[in-house]
Amino acid sequence: MDDGITIRPLRETDAEAVVALYSKAAAVEPRLGPVTLPQWEQFLKLPQNRGGRDFRVAERNGRLVGLAESSLRDQGAHHSRFLKIVVTPEARRRGIGLALLDHVLAIDADADLLVQTLVSRDWPAGMAFVTIFGFAHIGSEIGMKCVEPLQPARTLAAARATIERAGDVTACAAEVARIHNAAYASDAAFRLYSPEEMAQLLSDSEVWVASEDGQMSGFCLTEPEQNSMWIESVAVDPARQGRGLGQLLVYRVLSAHEVSVEHPCWLNVSSRNAPALKIYRRLGFRPQYETCRFGATRGELIASRDSRFH
Ligand SMILES: CC(C)(COP(=O)(O)OP(=O)(O)OC[C@H]1O[C@@H](n2cnc3c(N)ncnc32)[C@H](O)[C@@H]1OP(=O)(O)O)[C@@H](O)C(=O)NCCC(=O)NCCS
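Given the structure is predicted, the values throughout are model-derived calculations rather than measurements.

Bringing the overall build of the chain into the picture now. Assigned secondary structure in the chain consists of 10 helices and 12 strands. At 21 Å, the chain has a C-alpha radius of gyration in line with the 19 Å of a compact globule built from 310 residues. In terms of overall dimensions, the chain has a C-alpha envelope of 65 × 40 × 30 Å along the principal axes. Counting all 310 residues of the chain, 33% fall into the buried class. Sequence-distant contacts, at least 24 apart, represent 70% of the contacts inside the chain between residues at least 6 apart.

Right, dumping it as structure tokens:
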């Protein structure tokens with residue numbers, strides 16, 4: 001590695017340099033950024049990021065030239081470490097990405113810990129980097145867009161359900177956490193949420209709730225943006241799935257936001273989640289891009305790294 005490089009934990013005072021790093025990287029890799037200062041601060045506040053405790057930065061001559069975002073997720077039966085490395089374009093191919101990876105791998109001790117990272121198909125350097133270090137492609141996140149919502153067929157269950165925007169998001173956090181933990185349990189990106197962590201997450205979201213007989217059956221979290229909106233999460237209680245509720249819930253949200261060509265709705269869905277893909281297609285969502293999910297155990301990464309670089 002370049003001799004003048006130091007790897008150290010992230011500090012609060014790095015925020016502006018991180019924003020600058022993302023804006024440079026975004027000029028090379030579409031959709032990697034840009035990230036605004038408020039967005040970065042919000043991201044660090046997410047419960048899984050713990051204020052950036054496991055994040056690392058690379059510094060040269062007092063200037064921030066690389067960043068590794070990293071968080072350990074409690075997935076119920078096991079844990080996974082999530083990772084994203086960004087190196088400023090002018091400092092690439094000098095071993096900075098590798099050094100950041102090494103420092104993140106040094107945080108844990110368990111050789112069987114699964115390490116995951118998302119890389120867009122449009123980022124050739126990232127694809128080359130993860131392939132060289134022994135990551136395997138374990139699925140993809142499909143970015144989908146809707147400009148004209150299509151009304152779903154009415155089902156009996158859907159007709160009986162009440163769908164409305166939650167006024168008090170803190171009051172419904174425990175039920176949202178319960179449904180999230182049950183519905184996403186087998187998803188690669190799954191993270192177990194306590195009611196308190198969910199309340200924190202919901203404080204910045206718009207929450208829509210489907211209920212039957214006064215009991216929550218499903219929820220949809222949305223994030224409005226200036227000229228578009230995102231659906232962050234949709235989940236129906238597994239005991240109440242397959243009855244048309246999820247489709248109706250999303251359709252109501254799209255209608256309430258007056259989704260159109262000028263005001264599209266975006267969401268990400270796993271390529272391995274066939275039922276969700278089908279529902280979104282039926283509602284008028286079309287795939288726009290693919291982000292590959294790579295995974296390997298910590299032990300595999302250390303072995304493949306040692307056999308290639310010493
Ligand atoms: C991917 C990224 C982090 C690599 O950072 P970096 O500091 O250039 O990486 P390194 O110098 O440590 O590269 C280590 C090895 O990865 C491979 N590699 C990295 N970039 C590559 C490229 N553009 N083409 C081919 N191989 C590449 C090479 O084998 C390289 O070793 P070498 O230079 O001795 O041949 C950087 O390109 C980046 O920020 N990309 C955008 C974000 C991204 O895609 N992140 C996903 C990774 S989690």
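We now examine the UniProt feature "domain: N-acetyltransferase" (unreviewed entry) in the chain. When the UniProt feature table is mapped onto this chain numbering, "domain: N-acetyltransferase" (unreviewed entry) sits at residues 5-157 and 169-304. Here residues 5-157 runs as 29% helix and 32% strand, with 60 Å between its end C-alpha atoms. The annotated region residues 169-304 carries 35% helix and 32% strand content, and the separation between its end C-alpha atoms amounts to 46 Å.

Two strands in a sheet stick together by hydrogen bonds in their backbones, pointing the same way (parallel) or opposite ways (antiparallel). Spatially, the 12 strands line up as an open sheet ordered E1-E2-E3-E4-E5-E12-E6-E11-E10-E9-E8-E7, and their pairing is mixed. The sheet terminates laterally at strand E1 (5-9) and strand E7 (162-165), the two strands that pair on one side only. Direction aside, the axes of adjacent strands within the sheet are offset by 25° on average. Sheet topology note: the strand E6 (residues 136-146)/strand E11 (residues 265-270) ladder contains six bridges and is antiparallel. Bridge pairing links Met144 to Leu267 in E11. Sitting on the sheet, helix H6 (residues 173-183) touches strand E8 (206-212), strand E9 (215-224) and strand E10 (229-236), and the angle it makes with E9 is about 90°. Sitting on the sheet, helix H10 (residues 298-308) touches strand E5 (114-120) and strand E12 (285-297), and the angle it makes with E12 is about 75°.

This paragraph deals with the packing of H6 against helix H7 (residues 195-202). Relative to each other, H6 and H7 sit at 105°, their axes nearing to 8 Å. Considering the angle they form, H6 stands roughly perpendicular to H7. Residues Ala173, Ala174, Val176, Ala177 and His180 of H6 lie in contact with H7, whose contacting residues are Pro195, Met198, Ala199 and Leu202. Grouping the constituent residues of the contact of H6 with H7 by class yields eight nonpolar, one polar and no charged.

Take the domain arrangement of the chain next. Assigned domains of the chain: these are domain 1 (5-141 + 292-308) and domain 2 (149-283). Taking only C-alpha atoms into account, the centre of domain 1 sits 29 Å from that of domain 2. Tallying the contact residues gives 13 residues for domain 1 and 13 residues for domain 2. Looking at the side of domain 1 that touches domain 2, the elements with two or more residues in it are strand E3 (63-74) and E6. In terms of residue count, E6 provides more of the side of domain 1 that touches domain 2 than any other element does, four residues in total. Here the side of domain 1 that touches domain 2 is composed, by residue class, of two nonpolar, seven polar and four charged.

E1 sits mainly on the outside: zero of its five residues count as buried. Looking at chain direction, E1 and strand E2 (residues 56-60) are connected through five bridges and run antiparallel. Along E2, the bridge assignment pairs Ile5 with Arg60.

Further remarks concern the site of the ligand. The environment of the ligand is made up of 24 residues, and the closest members are Arg92, Gly97, Ala125, Gly126 and Ala128. Counting only elements with at least two residues in the shell around the ligand, the list comes to strand E4 (79-87), helix H3 (96-105), E5 and helix H4 (124-132). Top element by residues in the shell around the ligand is H4. It accounts for six residues.

Position of Leu248 relative to the elements: it lies in helix H8 (residues 245-256). By C-beta crowding, Leu248 is classed as buried, having 23 other C-beta atoms within 10 Å. Distance in space between the C-alpha atoms of Leu248 and Pro264 is 18 Å, their sequence separation being 16 residues. Apart from the residues lying within four places of it in its own chain, the contact partners of Leu248 are Pro152, Ala158, Ala161 and Ile163.

What counts, and at which threshold
- Residues numbered from 1 in each chain as written.
- Predicted model: local features only at pLDDT ≥ 70, side-chain atom pairs only at ≥ 80, totals over all residues.
- Helix = DSSP H or I, 4+ residues; strand = E, 2+ residues; numbered from the N terminus.
- Rg over C-alpha atoms; globule rule 2.2 N^0.38 Å.
- Buried ≥ 20, exposed ≤ 12 C-beta atoms within 10 Å, placed from the backbone.
- Contact = placed C-beta atoms within 7 Å.
- UniProt positions renumbered as here; feature names shortened; annotations may be inferred.
- Pairing = 2+ DSSP bridges.
- Axes fitted to C-alpha atoms, helices over the stretch in contact; angles between N-to-C directions.
- Parallel < 35°, antiparallel > 145°, perpendicular 65-115°, else oblique.
- Nonpolar A, V, L, I, M, F, W, Y, C, P; charged D, E, K, R; others polar.
- Domains from an automatic or database assignment.
- Near = placed C-beta within 6 Å.

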